[in-house]
Amino acid sequence: MGSLPKPIKKLMKAEAALAIVVLVAVNPMGNAFATSISSQEFFTYHIRDFIESFAGEPQNQGDFYLATGTYEEQLVPGLFGAARGMNLIVVQLESMQNIVMGRRYYGQEITPCLNTLARAPGSFYFSNFYSQIGSGNTSDAEFTANNSLMGTVESYTYQLYQNNYFKGLPWILRENGYRAYVLHGYKKEFWNRQNMYPAMGFERFFSADDFASDNIEGIGGGNIVGISDHAFYEQTADYLEGFAQPFYSFVISLSSHNPFRLPDSLKGIDIRPAEDNIVGDYINSTHYADRCFGEFMELLKEKGLYGNSLIVVYGDHFGLSKSDKRVDAAMSSWLGEPYRYDTMMNIPLIVHVPGLALNSTYENSGGQIDLLPTIAYLLGIERLDTIYLGQNLFTGEDSVVAVQTHMLKGSYIKGDQVFEISRDGLFENSKAWDRRTGEETGIDGCLENSEKAASTIDLSTFYLNNDVLRLAFLENMPMGEINETIEGRIAELPGKMDGKYIESGDENALGDFFRMMREDEKKYALLLSDDIYNLLLELEVEYSGKSKTKGAGSIDETANKAFLDVRGRIVPVVTENDNYTKVESLGYNRIMVTPGQDTVLTAKLRELLKMNSPCGIAMSRKHWLSSMNIWVGSKVPVYVYDANMPPGRDTMPVRRMRTR
Ligand code: GP9
Ligand code: MN
């Protein structure tokens, strides 16, 4: 099958091209035809391109390849294979943001141990590196780092795709003679790790069952009360010492978890009254996590593992949420400047290759998705026979870092530029700024990168939804057959559906609607509202089984399963003034837009159709009759309901119209 990176890169380019295909054309009669990519075509397009990428052209790794030593623009010549044959120890640090790295709090160094590692001979510190999680927090960080694919915002990745086949770091390293283990001192059921880790290729999961907890009050905080990092690393080092070599050990810390309350005896930083809030707690919590990490490094030295292991350490995600107004204010006050999303998502990455004298800090942009090819490069793996969407950071190129939470799909960081897509899904309403100064730069030239960032997410979802890795690598299915298999699976929306209008805040109507959808497992429904985003949020809070008090990861799985099933059959309808991107970020992958009452195709609506992939246009019968000339010829299906749906009315039949 040859090495895949080139095709993938080609695919990414083609993908970007796809999105800028003009989707709205004007016919000679003066009527605008809305043409877009139906979901069917969308998927067919992907897979066609995927096939071409395998079929043609001899492979030339020169221009982009990521893991071999053959490309030209490497940051440091000769690093390919610099850690060949060594163990790999990857440490994922809970809530560790880059903001504390190298920083002092009134003279007190917050992360002296990480700073020491970053400055050590053989260390490379990437300071412009980002978290790329979906809705699975820690587990998404783990997923993306190991598989070089984005997780999802639909639900958490470890739940939705536990039955998929993966071919990330653990499997690749096992193919290369390694043993692969994962160690984390918390309950094995949490984030469905016990089922997902074997699927990802880990041979054994050392969970809370395998660690003696010191149960320090407040460690971890919230519902995540567990073992201290001190006790965890101590026992981890013992386990590592016993492993046959070479091994890959994925080590996931826990102590520095929100809300960051440490017992006073473990606080190492004197906090002033101004930061006597979550910021001060965070500083102390990360300081403690850093100290324990330093102890771990010392233990590795004692056990002779420091000198023969490639060590990679990075943060999983932010600890201090800008989306929480009080946290935002406290952080801005401490920093003396507005706390921004790029600052929040910026996590440290340190890569340590033993035996090298070199030491550098790099500022090329990168994200967790880039870890697999970067590590494979240092380990000297010539060919990465898998599908991955990241790039080797040692090429020195700026990655277009795709993000999908807080800043939504289509947002990215590249070099010093941060681009945040507008929540209404319109490019022109978006903004961009310089990460160094925070100054707005205007959005000229951002479209292509925004589309590339969005396609990184769409491609990941496509591969995951269709279990493409299984078909391609486990079943060795010929490409044509993969195409047919996937095409056969794509479910089209039925021609007849139910329509329902519910006002946001109307709990009774929402409850009745949810029950109706649960009872009839074949029913699909169009959902309209005066405030569709908030209505969907209410639905999620009430019925998703996610704990309202216990925080991320605490999920009633039975309730959640029912919710996901119902959600998959709901098609929210957004107006051109609604927040399309925000609705999408709630995990709805079939969304319709409604042109409201206008009988013209407004520029805004055209833009929405161009920038996004709605599965249809929805409108009332009256509207359809008066604007048919606009929609006949549309590739996007048009669905029509009987009249204007008044609140509280029973459901209303919705039908797909013939437009072609
Ligand atoms: C629990 C730990 C925390 O095992 O990974 O998860 P988070 O709440 O950060 O996703
Ligand atoms: Mn976490």
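The structure we're discussing is the one just above.
Here goes a summary of the coordinates provided. Each chain carries its own residue numbering, running from 1 in the direction its sequence is written. Lettering for chains starts from A, numbering for ligands starts from 1, and both go in the order in which the items are written. In keeping with the predicted nature of the model, local features appear solely for residues at pLDDT of at least 70, side-chain atom pairs appear and are counted solely at 80 or more, and the whole-chain, interface and lining totals rest on all residues. Hydrogen atoms and water are omitted, and side-chain values are computed over all heavy atoms in the structure.

## What about the overall build of the protein chain?
Starting at the N terminus, helices and strands are each numbered in turn, a helix being any DSSP run of H or I of at least four residues and a strand any DSSP run of E of at least two. Looking only at helices and strands, one finds 21 helices and 24 strands in the protein chain. Buried residues are those whose accessible area, probed at 1.4 Å on protein chains only, stays under 20% of the maximum for their type, while exposed residues exceed 50% and partly exposed ones sit between those limits. Going through the 660 residues of the protein chain one by one, you find that 61% of them count as buried. Long-range pairs, those at least 24 residues apart, make up 72% of the contacts in the protein chain with a sequence separation of at least 6. Carbon and sulfur atoms make up 47% of the accessible area of the protein chain, which totals about 25,100 Å². Contact criterion: two residues are considered in contact whenever any of their non-hydrogen atoms come within 4.5 Å of each other. Values of accessible area rely on a 1.4 Å probe in the Shrake-Rupley scheme; residue burial ignores everything except the protein chains shown.

## Description of the site of ligand 1
Every residue near ligand 1 is listed here: Glu-94, Asn-137, Thr-138, His-184, Tyr-186, Phe-190, Trp-191, Arg-193, Leu-254, His-257 and His-317. As used in this structure description, the phrase polar contact means that two N or O atoms lie within 3.5 Å; if the pair is within protein, one of them must be able to donate a hydrogen and the other to accept it, and residues adjacent in sequence are counted only when both atoms belong to side chains. Between ligand 1 and His-184, the relevant distance is 2.6 Å, taken from an oxygen atom to a side-chain nitrogen or oxygen of the residue. Expressed as a share of its isolated accessible area of 310 Å², the protein-covered part of ligand 1 is 98%. Classifying every residue of the shell around ligand 1 gives 4 nonpolar, 5 polar and 2 charged. Residues are classed as near a molecule or strand on a simple rule: at least one heavy atom within 4 Å of it. In this classification, the charged set is Asp, Glu, Lys and Arg, the nonpolar set is Ala, Val, Leu, Ile, Met, Phe, Trp, Tyr, Cys and Pro, and all remaining amino acids, among them Gly, are polar.

## Some thoughts on the pattern of salt bridges
Salt bridges are defined as contacts in which a side-chain nitrogen from Lys or Arg sits within 4 Å of a carboxyl oxygen from Asp or Glu. As enumerated under the stated definition, the model contains 27 salt bridges in all. A salt bridge links Lys-322 to Asp-328; the shortest N-O distance between them is 3.4 Å. Here Asp-328 falls in the buried class, since its relative accessible area comes to 18%. Each of Glu-363, Asp-416, Arg-435 and Arg-436 takes part in salt bridges that share partners, so that together they form one network.

## Describing the sheet that holds strand E17 (residues 431–434)
To summarise the sheet geometry, strands pair through backbone hydrogen bonds and adopt either a parallel or an antiparallel arrangement. Two strands qualify as a pair provided DSSP detects at least 2 bridges between them. Overall, antiparallel pairing links the 4 strands, which are arranged E14-E15-E16-E17 in an open sheet. Here the strands that pair on one side only, and so sit at the sheet edges, are strand E14 (401–403) and E17. Between one strand axis and the next, the sheet turns through 15 degrees on average, direction left out of account. As defined by bridge partners, strand E16 (residues 417–420) adjoins E17 across 4 bridges and the pair is classed as antiparallel. Its bridge partner lying in E17, Glu-420 is registered against Lys-431. Axes here mean lines fitted to C-alpha atoms, for a helix over just the part in contact, with angles spanning 0 to 180 degrees between N-to-C directions.

## Some details on the sheet that holds strand E18 (residues 496–501)
Reading around the barrel, the 7 strands line up as E18-E19-E20-E21-E22-E23-E24 and close back on themselves, with mixed pairing between neighbours. Averaged over all neighbouring strand pairs, the angle between strand axes comes to 30 degrees, with direction disregarded. Both E18 and strand E19 (residues 525–528) contribute to a ladder of 4 bridges, which runs parallel. Among the inter-strand pairings, Asp-498 is bridged to a residue of E19, identified as Ala-525.

## Quick word on the packing of helix H16 (residues 507–519) against helix H17 (residues 532–543)
As a packed pair, H16 and H17 sit with axes 11 Å apart at the nearest point and diverge in direction by 70 degrees. One finds that H16 runs roughly perpendicular with respect to H17. For the pair H16 and H17, the crossing hand works out as right-handed. Between H16 and H17, the contacting residues are Leu-510, Gly-511, Phe-514 and Arg-515 on the first element and Leu-535, Glu-538, Leu-539 and Tyr-543 on the second. The residue inventory of the contact of H16 with H17, partitioned by class, reads 5 nonpolar, 1 polar and 2 charged. Reported orientations rely on four angle classes, namely roughly parallel under 35 degrees, roughly antiparallel over 145, roughly perpendicular from 65 to 115, and oblique for the rest. Helix crossings fall into two classes, left-handed where the near helix is turned counterclockwise from the far one by less than a right angle and right-handed where it is turned clockwise.

## Observations concerning H16
Every helix has an expected span of 1.5 Å times one less than the residues it contains. With 13 residues, H16 should reach 18 Å at 1.5 Å per residue; the first-to-last C-alpha distance of 18 Å fits that figure. Burial in H16 covers these residues: Ala-509, Leu-510, Gly-511, Phe-513, Phe-514 and Met-517. Residues of H16 that are buried make contact with E18, E19, H17, helix H18 (557–567) and strand E20 (570–575).

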